[in-house]
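Each chain is listed here by its residues.
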Amino acid sequence: MPLYIGVMSGTSLDGLDIALIRQTDQTHLIGSCYLAMPEQLRDQLLALCASGPDEIARAALAEQQWAQLAAKGIHQLLSEQQLHPADIRAIGSHGQTVRHEPARGFTVQIANSALLAELTGITVVSDFRRRDLAAGGQGAPLVPAFHEALFASPNSSRAILNVGGFSNISLLDPAHTASGFDCGPGNVLMDSWIQRHKGVGYDKSGQWAASGNVVPELLQQMLDDPFFHTTGPKSTGRELFNLAWLDQHLANFHGVEAVDVQATLLELTAVSVANSLRNVQKQTDLLLVCGGGAHNQRLMQRLGQLLPGCQVSSTDDYGVPADWVEAMAFAWLAHCCLEGIPANRPSVTGAKGLRILGAIYPA
């Protein structure tokens, strides 16, 4: 039974998620490993999300370090599972997104897959987004096909919400083709704001946000951004939603307490998700949440309040650990590539048709 490893490094830049799956007619999580992102590498990757001097050299050096970190985690996972590189059919490596601008026809994930194959002795499949982009799609989100394989039910209308740095939703209505899109910021603005004011990486359980009060006028001004008023296919990233974007909105609100801004940012994430879901899937029986946002108790509470009649749960409650869904997805995408299975969904990305995703770097 083929084993695959998935490596995911998200927009939150907190670390690398590495998942080991066994792929039969179903996907089974066998093991996992998390490596915190070294602060220096995090700073380098974050700087690459905007234009700056000597970008080509800085990107080349950063992706070498990223590949070395990924290889370290993979060897650690193999050791824990008492496995050898020869036991793994392939690594599905998402790499680290540093630019995503589908409107201009490009998306950039740095990973140095050739180096990762060399360091691990395992075939690497990567560069999943650009084939979809070449076919006229957004190149993202890519996980709805995997969500469909894991969670679709013939008897209920479901949605799968991934809340990482950004939030994306997969719509699984048995009466319609699976679809999905990015909803907007997930944790990215909340994390950046609490880092600025508290010096910590994230708001644990949403406690700081829960202690503040939403500023309705600020919330509405942010929700007036054109992104929230376009329908899918759509995707977004740090190019749009960042601290500079937030500061522009705050320029009109002098004297607002930092804790109230945090409360408003959490509400922005919750409302943008709820609005997205209501606009495209009138009846949703179950919303399953994965990614770091699944641990934000305040966010989960607000989603439940904003979506009456819809059960809001973590994917943990349905047998798939919320922290590992995305890494599992990229292991699954590697499987699809090697088996010649199209893994994009034109209804999600807007591509001209189904495409086999990924570039292969043999061991």
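Rules of the game
- Along every chain, residues carry numbers that run from 1 in the direction the sequence is written.
- A pLDDT threshold of at least 70 governs which residues receive local features in this predicted model, and a stricter bar of 80 or more applies before side-chain atom pairs are shown or counted, although totals over entire chains, interfaces and linings include all residues.
- Working from all heavy atoms in the structure, the side-chain values ignore hydrogens and water.
- UniProt positions are given in the numbering used here, feature names are shortened, and annotations may be inferred rather than shown by experiment.
- When checking whether two residues touch, look at their non-hydrogen atoms; a contact exists if any pair is within 4.5 Å.
- Secondary structure counts use DSSP, requiring at least four H or I residues in a row for a helix and at least two E residues in a row for a strand, with both numbered from the N terminus.
- Categorising residues by exposure relies on relative accessible area from a 1.4 Å probe, with only protein chains included: less than 20% of the type maximum marks a residue as buried, more than 50% marks it as exposed, and the intermediate range marks it as partly exposed.
- In this analysis a 1.4 Å probe is tested at points of a 1 Å grid over the protein atoms alone, and where it fits but cannot get out there is a cavity; an open set with protein on both sides within 12 Å along at least five of seven lines is a pocket; lining residues have an atom within 4 Å of a point.
- Grid points are joined across faces, edges and corners, and a volume is the space filled by probe spheres set on the points.
- When the centres of two rings from Phe, Tyr and Trp lie within 6.5 Å, Trp using its six-membered ring, the rings pair. Their planes under 30 degrees apart give stacked, over 60 give edge-to-face, and anything left gives tilted.
- Lines fitted to the C-alpha atoms define the axes, with helices restricted to the stretch that makes contact. Angles between their N-to-C directions range from 0 to 180 degrees.
- Orientation is classified from the angle alone, with under 35 degrees giving roughly parallel, over 145 giving roughly antiparallel, 65 to 115 giving roughly perpendicular, and any other angle giving oblique.
- The sense of a crossing depends on the near helix, which, turned anticlockwise from the far helix by less than a right angle, makes the crossing left-handed and, turned clockwise, makes it right-handed.
- Note on residue classes: Ala, Val, Leu, Ile, Met, Phe, Trp, Tyr, Cys and Pro are nonpolar, Asp, Glu, Lys and Arg are charged, and everything else, Gly too, is polar.
- We treat two strands as partners when DSSP finds at least two bridges between them.
- Within 3.5 Å is the distance limit for a polar contact, defined as a pair of N or O atoms, with the added protein rule that one can donate a hydrogen and the other accept it, and that residues adjacent in sequence qualify only through two side-chain atoms.
- The term salt bridge refers to a pairing of a side-chain nitrogen on Lys or Arg with a carboxyl oxygen on Asp or Glu at a separation within 4 Å.
- Given a helix with a known number of residues, its expected span is that number minus one, times 1.5 Å.

### Observations concerning the UniProt feature "binding site: ATP" (unreviewed entry) in the chain
Under the UniProt annotation, "binding site: ATP" (unreviewed entry) lies at Gly10, Thr11, Ser12, Leu13, Asp14, Gly15, Leu16 and Asp17. In this view, Leu13 contacts Met37, Arg42, Leu45, Leu46, Gln96 and Arg238; residues no more than four positions away in its chain are not counted. Looking at the element boundaries, Gly15 is found in strand β2 (residues 15-23). Residue classification places Gly15 among the buried residues on the basis of a relative accessible area of 2%.

### Quick look at empty space enclosed by the protein
One pass over the structure, following the stated rule, counts one cavity of 30 Å³ or more. Contributing elements (two or more residues each) for the lining of the largest cavity: α5 (144-151) and α13 (346-349).

### Topic: the packing of aromatic side chains
Between two aromatic rings, the relevant description is the distance of the centres plus the angle of the planes. Applying the stated criterion across every chain yields a total of six aromatic pairs. Seen in terms of ring centroids, Phe146 and Trp332 are 5.5 Å apart; in terms of plane orientation they differ by 45°. Their pairing is tilted. Of this pair, Phe146 sits in helix α5 while Trp332 sits in helix α12 (residues 325-339), and the two are 186 residues apart along the sequence. Take Phe146: its relative accessible area is 1%, and that puts it in the buried class. Trp332 sits in the buried class, given a relative accessible area of 9%. With a centroid separation of 5.8 Å and 80° between ring planes, the pair formed by Phe227 and Phe228 is classed as edge-to-face. These aromatic residues form a ring-pair network of at least three members: Phe227, Phe228, Phe241 and Trp245.

### So, the packing of helix α8 (residues 216-223) against helix α10 (residues 258-280)
Look at α8 against α10: their axes get within 10 Å of each other, and the N-to-C directions meet at 45°. Here α8 is positioned oblique relative to α10, judged by the angle of their axes. As for the relative orientation of α8 and α10, their crossing is right-handed in sense. Mapping the contact onto sequence places Leu218, Leu219, Met222 and Leu223 in α8 and Thr264, Leu265, Glu267, Leu268 and Val271 in α10. Residues belonging to the contact of α8 with α10 are distributed by class as follows: seven nonpolar, one polar and one charged.

### As for the layout of surface pockets
When its volume is computed, the second largest pocket comes out at roughly 350 Å³. If you go around the second largest pocket, you meet 21 residues; those closest to its centre are Glu63, Val108, Gln109, Ile110 and Ala111. Every element with two or more residues in the lining of the second largest pocket is listed here: α2 (55-80), β4 (90-101) and β5 (106-110). The element that contributes the greatest number of residues to the lining of the second largest pocket is β4, accounting for five residues.

### Looking at the pairing of β5
Pairing of β4 with β5, which is carried by five bridges, proceeds in the antiparallel orientation. Note that in β5 the partner of Glu101 across the bridge is Phe106. Linking β4 back to β5 in an antiparallel pair, the connection comprises four residues, with Gly105 at a positive phi of about 85°.

### Some points on the side chain of Ser170
Looking at the secondary structure, you find Ser170 in strand β8 (residues 166-172). A distance of 2.7 Å separates polar atoms of two side chains, one belonging to Ser170 and the other to His147. Those residues in contact with Ser170, other than ones at most four positions away along the chain, are Val143, Pro144, His147, Arg158, Ala159, Ile160, Ser179 and Gly180.

### Section: the side chain of Gln262
Tracing the backbone through its elements, the reader meets Gln262 in helix α10. By relative accessible area, Gln262 is classed as buried at 0%. Apart from the residues within four sequence positions on either side, Gln262 is in contact with Met190, Trp193, Ile194, Asp203, Trp208 and Ala209.

### What to know about the sheet that holds strand β10 (residues 286-290)
The strand order β9-β8-β7-β10-β11 describes an open sheet built from five strands, whose pairing is mixed. The strands lining the two open edges of the sheet, one partner per strand, are β9 (179-185) and β11 (311-314). Neighbour-to-neighbour, the strand axes of this sheet turn through a mean angle of 20°, independent of strand direction. Two elements, strand β7 (residues 158-163) and β10, share five bridges in a ladder whose sense is parallel. Paired with Ile160 across the bridge in β10 is Leu288. On the sheet, α5 packs against β7, β8, β9 and β10 and is oriented at approximately 50° with respect to β8.

### Re the pattern of salt bridges
Evaluated as defined, the whole model comprises seven salt bridges. Here Glu101 makes a salt bridge to Arg104, at a shortest N to O gap of 3.1 Å. The salt bridge partner of Arg345 is Glu148, with a shortest N-O separation of 3.5 Å. Of this pair, Arg345 sits in the loop between α12 and α13 while Glu148 sits in helix α5, and the two are 197 residues apart along the sequence. For Glu148, a relative accessible area of 29% translates into the label partly exposed.

### Re α12
Over its 15 residues, α12 runs 21 Å from end to end, which matches the ideal 21 Å to within 8%, given 1.5 Å per residue. Where burial is concerned, most of α12 is hidden: 13 out of the 15 residues are buried. One or two residues past the end of α12 sits Gly340, with phi positive at roughly 70°.

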